[in-house]
Amino acid sequence: MPEFDYQFFVIGGGSGGVRSARIAAGHGARVAISEGYRYGGTCVIRGCVPKKLLVYASHFSDDFADAQGFGWSVPPARFSWPQLIAAKNQEIARLSELYESNLRRSGVKVLHSAARILDAHTVEVDGRPFSAQHILIATGGRPFVPSIPGIELALTSNEVFDLPQLPQRILIVGGGYIAVEFAGILKGLGAQVTLCYRGEQLLRGFDDDVRQHLHGEMSKKDIRILLQSDIVRIERVAAGALQVEISGRSQGPLLFDAVLYATGRVPNTDGLGLAQVGVEVDSAGGVRVDEYGRTNIPSIHAVGDVTNRIALTPVAIREGAAVANTLFGPGPTVADLTVVPSAVFSQPPIGTVGLSETDALARHDVIDIYRANFRSLRQTLSGRDERTLIKLIVDGASQRVLGAHMVGADAPEIIQGLAIAIRMGATKADFDATVALHPTTAEEFVTLREKTTRTRHG
Ligand code: NDP
């Protein structure tokens, strides 16, 4: 009889948990995984994947309009939200099933209930205890909403993917990834969109030029953006509309058909039994781990959003793989997260890697900044007044490229490649020495000549 039912018990069937379970099984470990909702986690079920499908869908309205500049006559197009959601659901069901079948094929025991940790080596599922040599917490996060009067009338990203109809007038609260992505999606699909953010500019933490540029482009699309504004209360009034009182508005409350809160996410630790077992969490409720993903209890690890570090799928996947390799593979492995590119699927999208201008100046005495702001070739015939921003930030002393940022069509696709160069320590001279690929937008990154120099103390 083995000492434990399983060598590795993974709680949570999202990106991090599934990768960790499969890699551990690949190393020959006896592995079980438990998921209380649907396999695939936030990213597959109600995050990155369905969001990207909705971004594609919403883009057609601009594409139909632009086609005329290229000689096409396009009859008035009609859009069906229920048809899109049904197609999206079918694809998500396929992917979720694929996650499960891949786990089974890897030899992982797949369970379909929420799990609770009873002690350092025991997990309970459906009232049944399982002993485990190692336990992995990979339960992800969930939307956070502030408590204001009427908040129960608001949607979050959990519900917005499955609305029966597209709301005509929608208010989006927040200025982060989800807020700007859904503003673009819902606008493109035909809704009137208002975005309300408490800060001075959208996307806090991103490069300031990027933030400003996106704001400008979103405004051109008739997305109404209210900055330095907070929601005071939401009330249901006649005919089902929602009346929203917004701070600092002398014009009175506004009416919407739906309100979407995109005000951040919090670690999902409810019902896991962490306090009872003594697993330490940080002030935001994230499970505290060391560089190997180990909690204060040596047999319990955690990866992904539940640790409240970088909440991105590819990061959770790296962390999950590192834990499995540490416990059952080659030995102690730390996920290398020195360069983490990221994308915001706003319209136009953002791709970014490395430091913003502000962060670069905080760490380097002298930086060179290269910028281009232009109308792409496509927009010359489309007639669309959309501009692209690209920006490189270079360390004045070493000439290494510290950051690359772009707002414009295909920015995420372009930045992925630049992330390799930046991770390898490419200098501005390396960029300059690279032959351009013409005619593309990406070639601007190797033809930037005009620089502005900034010094930390100047
Ligand atoms: P973000 O952290 O990106 O943004 C949250 C926004 O809500 C911020 O603008 C924040 O303002 C605001 N906010 C927070 N609390 C309040 C409050 N009490 N009242 C009013 N506004 C508030 O979170 P998201 O929910 O957009 O996304 C969660 C995470 O998921 C992201 O951070 C990202 O890691 C990940 N994600 C990644 C995507 C991608 O890779 N493309 C897409 C979607 C999500 P302030 O800035 O002032 O704090």
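Here's a quick rundown of the structure. Being a predicted model, the structure only gives us computed values, none of them experimental. (Residues numbered from 1 in each chain as written. Predicted model: local features only at pLDDT ≥ 70, side-chain atom pairs only at ≥ 80, totals over all residues. Heavy atoms only, no water.)

1. A few points about the packing of aromatic side chains
Evaluation of the coordinates by the stated rule reveals seven aromatic pairs. Pairing Tyr 6 with Phe 9 gives two aromatic rings, centres 6.2 Å apart and planes at 75 degrees, and the pair type is edge-to-face. Phe 9 shares its class with Tyr 6; the two are buried. Taking 5.9 Å as the distance between ring centres and 35 degrees as the angle between the ring planes, the aromatic pair formed by Phe 9 and Phe 130 counts as tilted. One end of the pair, Phe 9, is in strand β1 (residues 6-11); the other, Phe 130, is in strand β6 (residues 128-137), and 121 residues separate them in sequence. The exposure class assigned to Phe 130 is buried, which follows from its relative accessible area of 6%. (Phe/Tyr/Trp six-rings, centres within 6.5 Å; stacked < 30°, edge-to-face > 60°. Buried < 20%, exposed > 50% of the residue type's maximum accessible area, 1.4 Å probe, protein only. Helix = DSSP H or I, 4+ residues; strand = E, 2+ residues; numbered from the N terminus.)

2. Structural notes on the site of the ligand
Inspection of the region around the ligand gives 21 residues, with Ile 178, Tyr 197, Arg 204, Ala 311 and Ala 343 positioned closest. The contact in question runs from an oxygen atom of the ligand to an N or O atom on the backbone of Gly 175, over 2.9 Å. One nitrogen or oxygen atom from the side chain of Arg 198 is found 2.9 Å from an oxygen atom belonging to the ligand. With three residues, helix α6 (residues 177-188) is the single largest residue contributor to the shell around the ligand. Grouping the constituent residues of the shell around the ligand by class yields 10 nonpolar, five polar and six charged. (Near = heavy atom within 4 Å. Polar contact = N/O pair within 3.5 Å; in protein donor to acceptor, adjacent residues only side chain to side chain. Nonpolar A, V, L, I, M, F, W, Y, C, P; charged D, E, K, R; others polar.)

3. Some details on the sheet that holds strand β12 (residues 242-246)
Judged by pairing direction, the sheet is antiparallel, and its three strands sit side by side in the order β11-β12-β13 without closing on themselves. The open sheet is flanked by β11 (231-236) and β13 (254-256), the only strands paired with a single partner. The mean angle between the axes of side-by-side strands here comes to 25 degrees, regardless of whether they run parallel or antiparallel. Relative to β12, β11 runs antiparallel, the two sharing five bridges. (Pairing = 2+ DSSP bridges. Axes fitted to C-alpha atoms, helices over the stretch in contact; angles between N-to-C directions.)

4. A look at the pairing of β12
A one-sided burial pattern is seen for β12, the buried positions being Leu 242, Val 244 and Ile 246 and the unburied ones Gln 243 and Glu 245. The hairpin turn running from β11 into β12, its antiparallel successor, is five residues long, and Ala 239 in that turn takes a positive phi close to 60 degrees.

5. Re the environment of Asp 208
Looking at the element boundaries, Asp 208 is found in helix α7 (residues 208-220). In this structure Asp 208 comes out as partly exposed when scored by relative accessible area, which is 39%. The spacing of Asp 208 and Thr 358 is 150 residues in sequence and 7.9 Å in space, taken between C-alpha atoms. Looking at Asp 208, its side chain comes within polar contact range of the side chain of Arg 211, at 3.0 Å.

6. Quick look at the layout of surface pockets
Empty space among the atoms becomes apparent when a probe as large as a water molecule is rolled across them. Empty space within the second largest pocket amounts to approximately 640 Å³. Of all the elements in the fold, those that place two or more residues in the lining of the second largest pocket are α3 (48-67), α11 (377-382) and α12 (411-423). Counting residues per element, the lining of the second largest pocket draws most heavily on α3, which supplies seven residues. Among the residues making up the lining of the second largest pocket, the classes are represented as nine nonpolar, eight polar and 11 charged. (1 Å grid on protein atoms, 1.4 Å probe; cavity = no way out; pocket = protein on both sides within 12 Å on 5 of 7 lines; lining within 4 Å. Points joined across faces, edges and corners; volume = space filled by probe spheres on them.)

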